[in-house]
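The residues making up each chain are set out below.
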Amino acid sequence: MKHLLSLEQLTAGEMEEILSLAATLKKERGTKAAAQHQPLAGQTWAMIFTKASTRTRVSFEVGVRELGGNVFFLSPADSQLGRGEPIKDTARVFGRIAHGAIIRTFAQQDVVDFAHYSGLPTINALTDDEHPCQVLADLQTMQEKLGGWAGRKVVFMGDGDNNMSRSWMWAAERLGFQLVICAPKKYQPSVSYLAGFKSGVVSCETDPLKAAAGADVLYTDVFVSMGQEAEGARRLEDLKAYQINAELVGAATPGVIVMHCLPAYRGKEITEEVLEAHAETIFQEAENRLHAQKAVMSLLARP
Ligand code: CP
Ligand code: NVA
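Just so we're clear, the structure is a prediction, and the values are computed from it rather than from any experiment.

Caption draft 1: Quick peek at the site of ligand 1. Taken together, Ser53, Thr54, Arg55, Thr56, Arg104, His131, Gln134, Cys261, Leu262 and Arg289 are the residues near ligand 1. With respect to ligand 1, the backbone of threonine 54 contributes an N or O atom lying 2.7 Å from an oxygen atom. Residue cysteine 261 places a main-chain N or O atom 2.9 Å away from a nitrogen atom belonging to ligand 1. About the coverage of ligand 1: the protein hides 95% of its 250 Å² of free accessible area. Grouping the constituent residues of the shell around ligand 1 by class yields two nonpolar, five polar and three charged.

Caption draft 2: Representation of the sheet that holds strand E1 (residues 44-49) in the model. Overall, parallel pairing links the four strands, which are arranged E2-E1-E3-E4 in an open sheet. Only two strands of the sheet have a single partner each, and these edge strands are strand E2 (70-74) and strand E4 (122-124). Taken pair by pair, the neighbouring strands of this sheet meet at an average axis angle of 20 degrees, ignoring direction. Where strand E3 (residues 100-104) and E4 come together, three bridges link them in parallel fashion. Note on E4: the bridge partner recorded for isoleucine 103 is asparagine 124.

Caption draft 3: Inspection of the site of ligand 2 at higher detail. Taken together, Leu126, His131, Asn162, Asn163, Asp221, Val222, Ser225, Met226 and Leu262 make up all the residues around ligand 2. A distance of 2.8 Å is found between a nitrogen atom of ligand 2 and a side-chain nitrogen or oxygen belonging to asparagine 163. Within the backbone of methionine 226, an N or O atom sits 2.8 Å from an oxygen atom of ligand 2. Taking 270 Å² as the accessible area of ligand 2 by itself, protein coverage stands at 96%. Classifying every residue of the shell around ligand 2 gives four nonpolar, four polar and one charged.

Caption draft 4: A look at the side chain of histidine 291. The residue histidine 291 is located in helix H13 (residues 279-300) in this model. Accessibility expressed as a relative area gives 1% for histidine 291, which makes it buried. Histidine 291 has contacts with Ala22, Leu25, Lys26, Arg29 and Gln140, leaving out every residue within four places of it along the chain.

Caption draft 5: Molecular detail of the sheet that holds strand E6 (residues 178-182). Taken together, five strands build an open sheet; the order of strands is E7-E6-E5-E8-E9 and the sheet is parallel. Each edge of the open sheet carries a strand with a single partner, namely strand E7 (202-205) and strand E9 (257-260). Taking the axes of each pair of neighbouring strands and ignoring which way they run, one obtains an average angle of 25 degrees across the sheet. Strand direction decides the pairing type here: strand E5 (residues 153-157) and E6, joined by five bridges, are parallel. Paired with valine 155 across the bridge in E6 is valine 180. Running at roughly 165 degrees to E9, helix H6 (residues 132-146) makes contact with E5, strand E8 (217-220) and E9 of the sheet. Contacting E8 and E9, H13 crosses the sheet at an angle of about 45 degrees to E9.

What counts and how
- Residues numbered from 1 in each chain as written.
- Chains lettered and ligands numbered in written order.
- Predicted model: local features only at pLDDT ≥ 70, side-chain atom pairs only at ≥ 80, totals over all residues.
- Heavy atoms only, no water.
- Near = heavy atom within 4 Å.
- Polar contact = N/O pair within 3.5 Å; in protein donor to acceptor, adjacent residues only side chain to side chain.
- Areas by Shrake-Rupley, 256 points an atom, 1.4 Å probe, with all protein chains shown as cover.
- Nonpolar A, V, L, I, M, F, W, Y, C, P; charged D, E, K, R; others polar.
- Pairing = 2+ DSSP bridges.
- Helix = DSSP H or I, 4+ residues; strand = E, 2+ residues; numbered from the N terminus.
- Axes fitted to C-alpha atoms, helices over the stretch in contact; angles between N-to-C directions.
- Buried < 20%, exposed > 50% of the residue type's maximum accessible area, 1.4 Å probe, protein only.
- Contact = heavy atoms within 4.5 Å.

Given below as structure tokens:
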């Protein structure tokens, strides 16, 4: 593994290796063993974010430092990227100076180009296409809460055609659990995208109560992703029937876990009541960003 650009590019074995190391790093955090695990010693990693972030920024900044490295953060306002310098030129500069890069932006192609032109280990910290780090942390949480994913049914509610749903689809495809995308037709992945998946692993459903039946995990994300603000009102209207609320939770398997990548908009994709009842799981996902990403960086820094 040279980069983490998408979950599509990982094998099941690579996902399992990341998750197993993430579990070890979580257990060992704060111990002598952790203090000796310094794979980024002597390195400086760059974080280039053109979209807002709380969890991703904090977890990577802390994670790089815990692995012995230095890190610096750049937004478009602070760099020539904001004045239109091409990503391939920026990448070639960073490639000569930094040791790794963590990028949050709009186009997936920019992350791919950065990795290519910089030659640095490059991590996708969210693009319009995928959010692989979040789903790795979610899988770690599923492992902790449910003992794994074998035989489990995960239902992704709401905007079924966004970065989160796509990374979940690749996780299901590689690891072999059942994923139901529950969304109105217009918000489901395209037929041509779905054609790339094994039959029986990923399916779509328009009826929330039908989808929730037998669910072990109910997952949701914002209805309006970053960059979609102009169509916000229409999306909220189109997706309002796909909210995770008490009725939906009641239709799922008893003991269902409710997950959310955060930030959450109470009263939109999830009710206050359900979010607070499942806050332990939801904030565990946020914490696991740190552990899963430390595992990814440790593996990318391997000689
Ligand atoms: N879930 C997530 O990526 O959160 P941030 O946008 O706050 O980084
Ligand atoms: N789909 C959301 C995820 C936020 C972590 C977005 O892109 O805004």
